Amino acid sequence: MKPDLLLIGTVTDVMMTRFTDEFTVHPLPAADELQGFLDTTGPSVVAVATNGHNGMPAEIMAGLPDLKIISSYGVGYDAIDADAAAARGIVVTHTPNVLNDEVANTAIMLWLAVSRNLVPNDAYVRAGRWLTEGNTPLSRSVQDRTVGILGLGRIGQAIADRLAMFNSTVVYHSRSKKDVPYRYYGDLTEMAAASDVLICITPGGASTQGIVNKQVIEALGPEGILINVSRGSVVDEPEMVKALQDGRLCGAGLDVFDKEPQVPQELFALDNVVLQPHIGSATVETRKAMGDLTCDNLSQFLKDGKTLTPVPECSQL
Ligand code: A2R
């Protein structure tokens, strides 16, 4: 008898094959069938496979009394109550490191696109306006800028590494000072005031909710560019939208949104923003690596009760 696994969200065929090799897989039932599923099958479910977006709803976790592992596809796990899981002895795993380069590349791509007017210029050429109206306005250089990184962790460091190519002055804000050759700001507003660009790459969740607030946006200022590849919740979205509309913020490159896939409609009318549908890590190569690690964590757990990449809250389990 294979152990029971509850699958939340969709996965690739490769992942599904690996899951079904080792588990009896139960896709998450529709809302009106959920309670029936929890009553009948819930008691035998030992594993959940999910992702950073769908997470682990508390009412489902409560209905799985023998749950032992939640393997999440993605590095951010703000949609999973890891403390509550750890308190029940449930290990939560995620997929750190394998996506550092990809998300860092996405951050740089967004910054270049916003600074150099990539999207409006492309539209200009396609509309035939180059022929009739001549050259477009000059853009702003990404060379020799001060770039503030909010969250100098695994991905933040990969972003900093890339910034050397642009002769950037890298500064950062995180909860603690790191042993790195970049200036640390304990105060985010102060860092924003000193930065030409603010790149957000912290986790989401309560501790970072809206920390890029009105004050930080004002400090970044009318010449400043905001790049968000972390979570939409990190930025006060209504304040950001107003600042972009009023020219109090120069531009923004956004891969994430507070209520995604809903995006504030006001942004659609703005030329100074580049909008992406949360694709920071979404390449064939990186998503494969994330899928492999999601499966490897489950396989390892079945083998010896250990996991490869538990979240910090569960590292002592
Ligand atoms: O705890 P610290 O001092 O190491 O700082 C972490 C920082 N961070 C914060 N900074 C300011 N205020 C906070 N409340 C706060 N909470 C955390 O974010 C650290 O420098 C960084 C997170 O780094 P890692 O844990 O290595 O995460 P990784 O792999 O870089 O991914 C970051 C996020 C994910 O959670 C997803 O939301 C997104 O990127 O894909």
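See the structure above.
All of the points below concern the structure found in this document. (Residues numbered from 1 in each chain as written. Predicted model: local features only at pLDDT ≥ 70, side-chain atom pairs only at ≥ 80, totals over all residues. Heavy atoms only, no water.)

Burial along strand 9 (residues 197-200) is two-sided: Val197 and Ile199 facing one way and Leu198 and Cys200 facing the other are all buried. Strand direction decides the pairing type here: strand 6 (residues 146-150) and strand 9, joined by four bridges, are parallel. Bridging across to strand 9, Leu150 finds its partner in Cys200. As paired elements, strand 9 and strand 10 (residues 225-228) share four bridges and run parallel to each other. Each bridged residue has a counterpart across the sheet, and for Ile199 the counterpart in strand 10 is Ile227. Considered for its hand, the β-α-β crossover made up of strand 9, helix 10 (residues 214-220) and strand 10 is right-handed. (Buried < 20%, exposed > 50% of the residue type's maximum accessible area, 1.4 Å probe, protein only. Helix = DSSP H or I, 4+ residues; strand = E, 2+ residues; numbered from the N terminus. Pairing = 2+ DSSP bridges. Right-handed = clockwise from strand over helix to strand, strands pointing away.)

Attention shifts here to the side chain of His94. Along the chain, His94 turns up in the loop between strand 5 (91-93) and helix 5 (100-115). At 2.8 Å, the side chain of His94 forms a polar contact with the backbone oxygen of Val75. (Polar contact = N/O pair within 3.5 Å; in protein donor to acceptor, adjacent residues only side chain to side chain.)

As for its position among the elements, Arg231 is in the loop between strand 10 and helix 11 (237-246). Classification of Arg231 by relative accessible area gives buried; the value is 17%. Between the C-alpha atom of Arg231 and that of Gln209, which follows or precedes it by 22 residues, the distance is 9.2 Å. Beyond its immediate chain neighbours, meaning those up to four positions away, Arg231 contacts Gly52, Gly76, Asp78, Gly204, Val256 and His278. Side chain to side chain, Arg231 and Asp78 meet in a polar contact 2.9 Å long. (Contact = heavy atoms within 4.5 Å.)

As a further point, take the packing of aromatic side chains. Evaluation of the coordinates by the stated rule reveals two aromatic pairs. Judged by centre distance (5.4 Å) and plane angle (75°), the ring pair of Trp111 and Phe166 falls under edge-to-face. With Trp111 in helix 5 and Phe166 in the loop between helix 8 (154-163) and strand 7 (169-173), this residue pair connects regions lying 55 residues apart in the sequence. Residue classification places Trp111 among the buried positions, given a relative accessible area of 1%. (Phe/Tyr/Trp six-rings, centres within 6.5 Å; stacked < 30°, edge-to-face > 60°.)

What follows concerns the side chain of Asn228. Mapped onto the fold, Asn228 is located in strand 10. In this structure Asn228 comes out as buried when scored by relative accessible area, which is 2%. Leave out the neighbours within four places in its chain, and Asn228 touches Cys200, Val235, Gly253, Leu254, Asp255 and Val256.

The subject of this paragraph is the site of the ligand. Taken together, 19 residues lie around the ligand, and Arg154, Ile155, Arg175, Ser176 and Lys178 are the ones closest in. Ile155 is positioned such that a nitrogen or oxygen atom in its backbone is 2.9 Å from an oxygen atom of the ligand. A distance of 2.3 Å separates an oxygen atom of the ligand from a polar side-chain atom of Lys178. Isolated, the ligand exposes 810 Å² of accessible area, and the fraction of that covered by the protein chains is 85%. Residue classes in the shell around the ligand are distributed as five nonpolar, 10 polar and four charged. (Near = heavy atom within 4 Å. Areas by Shrake-Rupley, 256 points an atom, 1.4 Å probe, with all protein chains shown as cover. Nonpolar A, V, L, I, M, F, W, Y, C, P; charged D, E, K, R; others polar.)

With that out of the way, let us pick up the sheet that holds strand 10. With parallel pairing, seven strands are arranged side by side in an open sheet as 8-7-6-9-10-11-12. Each end of this open sheet is capped by a strand with a single partner; those strands are strand 8 (183-184) and strand 12 (273-275). Relative to strand 7, strand 6 runs parallel, the two being bridged by five bridges. Opposite Gly148, over in strand 7, you have Val171 as the bridge partner.

Turning our attention to the pattern of salt bridges. This model, assessed by the stated rule, comprises 12 salt bridges. The residue Asp122 makes a salt bridge to Arg126 at a minimum N-O spacing of 2.4 Å. You can see Asp122 and its partner Arg126 sitting in helix 6 (residues 118-126), four residues apart, about one turn around the helix. Asp246 is paired through a salt bridge with Arg248; the nearest N and O atoms lie 3.0 Å apart. The exposed category is assigned to Asp246, whose relative accessible area is 52%. (Salt bridge = Lys/Arg side-chain N within 4 Å of Asp/Glu carboxyl O.)

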